Amino acid sequence: MFLFALCLYLGKLVSSGVSLEFRYHNTVEVERYLRDVNNTFDFTHLHSIGKSVEGRDLWVLILGKNPAEHRMGIPEFKYVGNMHGNEVVGRVLLLQLIDHLTRGYLSDPLVTRLLNSTRVHILVSMNPDGFESSSRDCMYSQGRFNKNGIDLNRNFPDAFSKKESGMTEMEVRAIMDWLKTESFVLSANLHGGAVVASYPYDNSNGGSELQSGSSVAPDNDVLIQLAKTYSYTHSQMHKGDHCYDSKDFMEGITNGYYWYPLPGGMQDYNYVWGQCLEITLELSCCKYPPESDLPGLWDANRAALLAYMQQVHLGVKGQVLDAEGNPSQNALVEVEGRQNLCPFRTDRHGEYYRLLLPGNYTFRVTFPGHQVLTETLTVPYGPDSFSALVHNFQLQRSAAATPGPSRPTQSCTPPQVWRPLGGHSSSLGPSGGTILLVLLVLRDTMLL
Ligand SMILES: *[C@@H]1O[C@H](CO)[C@@H](O)[C@H](O)[C@H]1NC(C)=O
Ligand SMILES: *[C@@H]1O[C@H](CO)[C@@H](O)[C@H](O)[C@H]1NC(C)=O
Ligand SMILES: *[C@@H]1O[C@H](CO)[C@@H](O)[C@H](O)[C@H]1NC(C)=O
Ligand SMILES: [Zn+2]
């Protein structure tokens, strides 16, 4: 008994080697902390998804029962902080969240269930250069932008904006590449300067999505539910704090476009091209509050951050299997009444994830050489069981040659973006652009 107690005590001493105070940590300190976590807990995995303009790594910590790689049926979730370098509360909260998750795994029941059922990716700072150049000031600071003076939340390809996108910043390119390596299902992007949960779309070109001043996405019902999950689990947000002079936010949520049109934003990019539902969380009126406010901010947000993660288990998930029973990559999995700008597709494991509220839904699955499959499914519950309803679609071969996907997919090739290619980027003229576009369309067609 005594030995057992001694072991527990020693174990505590060892694990307390990784500790986190309530203060602002600079880039070097954050990296040291993340490396400590990675070395201490075998349910974490640390990697860099790219570098900032000034060469700082964009570290992502993954937490989960099998952190190093995707497992069948385990949805991928992410939080991204500090995209605007001077909006620092999200950065602090994500570090505290890592601390909470690592302490709680296998002791706290909620944390344990979350990490056993979900792979959680945390990018503490998307804009470390901006953070390092910020001053501790509530309102405006140049640290919002990256080293090139670019607002990263205006630099993504935009489905609604026809204008040729300019140079894609390194931090944005890193996120776009990251979205190709993992099939993220749900995400949130943490900001400051208001207190509200803002959901897609952020932009519109005046088409049918524009309704009463809002830009309404096909999954509007789910997006509102996601935003409300955060605002009502948060201690204050649902009360609608209007901070200085921003709008009154009923229930602490808003459609992004209704608040203000925003071209080139990250959440629309995630939703349209990453088939990942993302919302934007504005977490404090003051963008860079005094350190003494940080414990209170963590208390106000802790339960909301956890409840939001659990929403990744809404709806239906499973595989699409071809006539031979093999997983089908790039099959279209569409839900009637939800015309996504780019139809959702199965990933390289033939898997799909579809966040839906409880109810009945008609699915339509399309894959070349096979009959179009239509099935109605009942989603019986929300995220309470830490697993979406599991349903595999079994396809039958078609006698006649079936056309490919039900709709042309060219529109789902993100607008051409120029990679910085040393000094050559500006020499890519219109003809180079045309070739690139043709190649992109070709590649998209071949992926069927
Ligand atoms: C994370 O920890 C593992 C195991 O200790 C180690 O092999 C790996 O190099 C670490 N990763 C980083 C980025 O430090
Ligand atoms: C979580 O997974 C661990 C490791 O496999 C297991 O020991 C534990 O019982 C699981 N707990 C829950 C609540 O699922
Ligand atoms: C869903 O379908 C089931 C079975 O057909 C039916 O009993 C139920 O009322 C439907 N639910 C809704 C919300 O339409
Ligand atoms: Zn911001």
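Structural notes, computed from the coordinates. In every chain, residue numbers begin from 1 and rise along the written sequence. The naming scheme follows written order: chains are lettered A onward, ligands numbered 1 onward. The predicted nature of this model means local features are confined to residues of pLDDT at least 70 and side-chain atom pairs, given and counted, to a pLDDT of 80 or more, with totals for whole chains, interfaces and linings taken over all residues. To get the side-chain values, all heavy atoms of the structure are used, and hydrogens and water are removed first.

The next thing to look at is the coordination of the zinc ion (ligand 4). Think of the donor list as every N, O and S atom within 2.8 Å of the metal, or within 3.2 Å for Na, K and Ca; water never makes the list, so a site can look incomplete. The zinc ion (ligand 4) binds to the protein through His 84 (ND1), Glu 87 (OE), Glu 87 (OE) and His 191 (ND1), with metal-donor distances spanning 2.0 to 2.7 Å. Considering all four donor atoms around the zinc ion (ligand 4), angles at the metal cover 53 to 150° and the coordination shape is irregular. A four-donor site is called tetrahedral if each angle lies between 85 and 135 degrees; a four-donor site is square planar, and a six-donor site octahedral, when trans pairs exceed 155 degrees and the remaining angles lie between 65 and 115; all other cases are labelled irregular.

Quick look at the environment of Ala 331 now. As for its placement among the helices and strands, Ala 331 is situated in the loop between strand E11 (316–321) and strand E12 (332–335). In this description, contact between two residues means that some pair of their heavy atoms is separated by no more than 4.5 Å. Among all residues touching Ala 331, those that are not within four sequence positions of it are Val 320, Phe 344, Arg 345, Thr 346, Thr 366 and Phe 367. Here a strand is any run of E in DSSP of at least two residues, a helix any run of H or I of at least four, and the numbering for each starts at the N terminus.

Trans peptide bonds make up most of the peptide bonds, and negative phi angles are found at most residues other than glycine. Tyr 201 follows Pro 200 through a cis peptide bond whose omega is 0°. For Tyr 201, the location among the structural elements is in the loop between strand E6 (194–199) and strand E7 (210–211). In this structure, Asn 330 is a non-glycine residue whose phi angle is positive, near 70°. Residue placement: Asn 330 occurs in the loop between E11 and E12. Taking relative accessible area as the criterion, Asn 330 reaches 12% and is therefore assigned buried. In this structure, Phe 386 is a non-glycine residue whose phi angle is positive, near 60°. Examined against the element boundaries, Phe 386 turns out to sit in the loop between strand E15 (373–379) and strand E16 (389–390). The class for Phe 386 is buried, based on a relative accessible area of 10%. For every residue, the accessible area (1.4 Å probe, protein chains only) is compared with the maximum for its type, and the residue is labelled buried under 20%, exposed over 50%, or partly exposed between those bounds.

Overall, antiparallel pairing links the three strands, which are arranged E12-E14-E15 in an open sheet. Each edge of the open sheet is held by one strand with a lone partner, namely E12 and E15. Geometrically, the sheet is characterised by an average inter-axis angle of 30° between neighbouring strands, direction not taken into account. Between any two strands, at least two bridges found by DSSP are needed for them to pair. Fitted lines through C-alpha atoms serve as axes, helices being fitted only where they are in contact, and the angles separating the N-to-C directions of these axes extend from 0 to 180 degrees.

Here we come to the pairing of strand E3 (residues 76–81). Regular strands have side chains that alternate between both faces of the sheet. In terms of burial, E3 is largely enclosed, as six of its six residues are buried. Sheet topology places E3 next to strand E4 (residues 119–123); five bridges connect them, and they run parallel. Considered in E4, the bridge of Phe 77 is made with Val 120. One ladder, built from six bridges, connects E3 with strand E5 (residues 184–191); its direction is parallel. Pairing of Lys 78 across the sheet is with Ser 187, part of E5.

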